[in-house]
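Each chain, letter by letter, is given below.
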Amino acid sequence: MTTHELKIWPEHYEPVKRNLKKAELRKNDRNYQPGDTLVLRCWDRVKEEYTGKSVVRKVTHVADVGDWLPDFVLLSME
């Protein structure tokens, strides 16, 4: 199992933090696997810096969505 530190935009961070958003669409460039840990660090696109907020989630399922978006996966998380 691997830990992945990833940027997440504020408009996506808040729903994840509040447990409303339980999936992430991501480029499959890290060989994501169930059981992996995601450290989602809030990223300010305007200032181009981290906000200092972060949330940790565990990957429960990796769905290949390559038929619709080549090289992407949908990560279910808890």
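Just so we're clear, the structure is a prediction, and the values are computed from it rather than from any experiment. Every chain begins its residue count from 1, and numbering advances along the sequence as written. A pLDDT threshold of at least 70 governs which residues receive local features in this predicted model, and a stricter bar of 80 or more applies before side-chain atom pairs are shown or counted, although totals over entire chains, interfaces and linings include all residues. No hydrogens and no water enter the side-chain calculation; it runs on all heavy atoms of the structure.

## Digging into the environment of V73
Part 1: Tracing the chain through its elements places V73 in strand β5 (residues 72-77).
Part 2: By relative accessible area, which is 3% here, V73 ends up buried.
Part 3: For V73 and K22, which are 51 residues apart along the polypeptide, the C-alpha to C-alpha distance reads 14 Å.
Part 4: Residue contacts are defined here by distance: any two heavy atoms, one from each residue, within 4.5 Å place the two residues in contact. Setting aside anything within four residues of it in sequence, one finds V73 in contact with E24, L25, R26, N28, Y32, V62, A63, D64 and V65. Strands are runs of DSSP state E lasting at least two residues, helices are runs of H or I lasting at least four, and both sets are numbered from the N terminus onward. Exposed residues in this analysis have more than 50% of their type's maximum accessible area, buried residues have under 20%, and partly exposed residues fall in between, with area computed by a 1.4 Å probe over protein chains only.

## Regarding a nonpolar patch on the surface
Part 1: Exposure above 30% relative accessible area and no salt bridge define the residues that can form patches, which grow by joining like charges within 9 Å and nonpolar side chains of Val, Leu, Ile, Met, Phe, Trp and Tyr within 5 Å. Here the accessible surface of atoms and residues is derived via Shrake-Rupley with a 1.4 Å probe, and residues count as covered only by protein chains that are part of the display. Salt bridges are defined as contacts in which a side-chain nitrogen from Lys or Arg sits within 4 Å of a carboxyl oxygen from Asp or Glu. Residues L25, W68, L69 and L74 make up a contiguous nonpolar surface patch of about 420 Å² in total accessible area.
Part 2: You can see L25 is positioned in strand β2 (residues 23-27).
Part 3: Overall, the relative accessible area of 44% leaves L25 in the partly exposed class.

## Examining the UniProt feature "domain: DUF3850" (unreviewed entry) in the chain
Part 1: UniProt positions are given in the numbering used here, feature names are shortened, and annotations may be inferred rather than shown by experiment. This chain's UniProt record puts "domain: DUF3850" (unreviewed entry) on residues 3-65.
Part 2: Across residues 3-65, the secondary structure splits into 13% helix and 56% strand, with the terminal C-alpha atoms separated by 22 Å.

## Re the pattern of salt bridges
Part 1: Taken as a whole, this structure holds six salt bridges when the rule is applied.
Part 2: Taking the shortest distance from any N to any O, the salt bridge between E11 and R45 comes out at 2.7 Å. Taken together, the residues span a long stretch of sequence, with E11 in helix α1 (residues 10-17) and R45 in the loop between β3 (37-44) and β4 (49-64) at a distance of 34 residues.
Part 3: Across the salt bridge formed by E24 and K21, the nearest N and O atoms sit 2.3 Å from each other.
Part 4: Here the salt bridges do not stand alone but share partners, grouping K21, E24 and R26 into one network.

## Section: the pairing of β3
Strand residues, when the strand is regular, have side chains that alternate between the two faces of the sheet.
Part 1: Where burial is concerned, most of β3 is hidden: six out of the eight residues are buried.
Part 2: Of the pairings in the sheet, the one linking strand β1 (residues 3-8) to β3 comprises six bridges and is parallel in character. Residue pairing across strands places E5 opposite V39, the latter belonging to β3.
Part 3: When DSSP finds two or more bridges between two strands, those strands count as paired. Two strands pair when backbone bridges link them, and β3 and β4 are joined in this way by seven bridges, in the antiparallel orientation. Bridge pairing in β4 links T37 to K58.
Part 4: Linkage of β3 to β4, two consecutive antiparallel strands, is achieved through a turn of four residues, within which E48 is found at a positive phi near 55 degrees.

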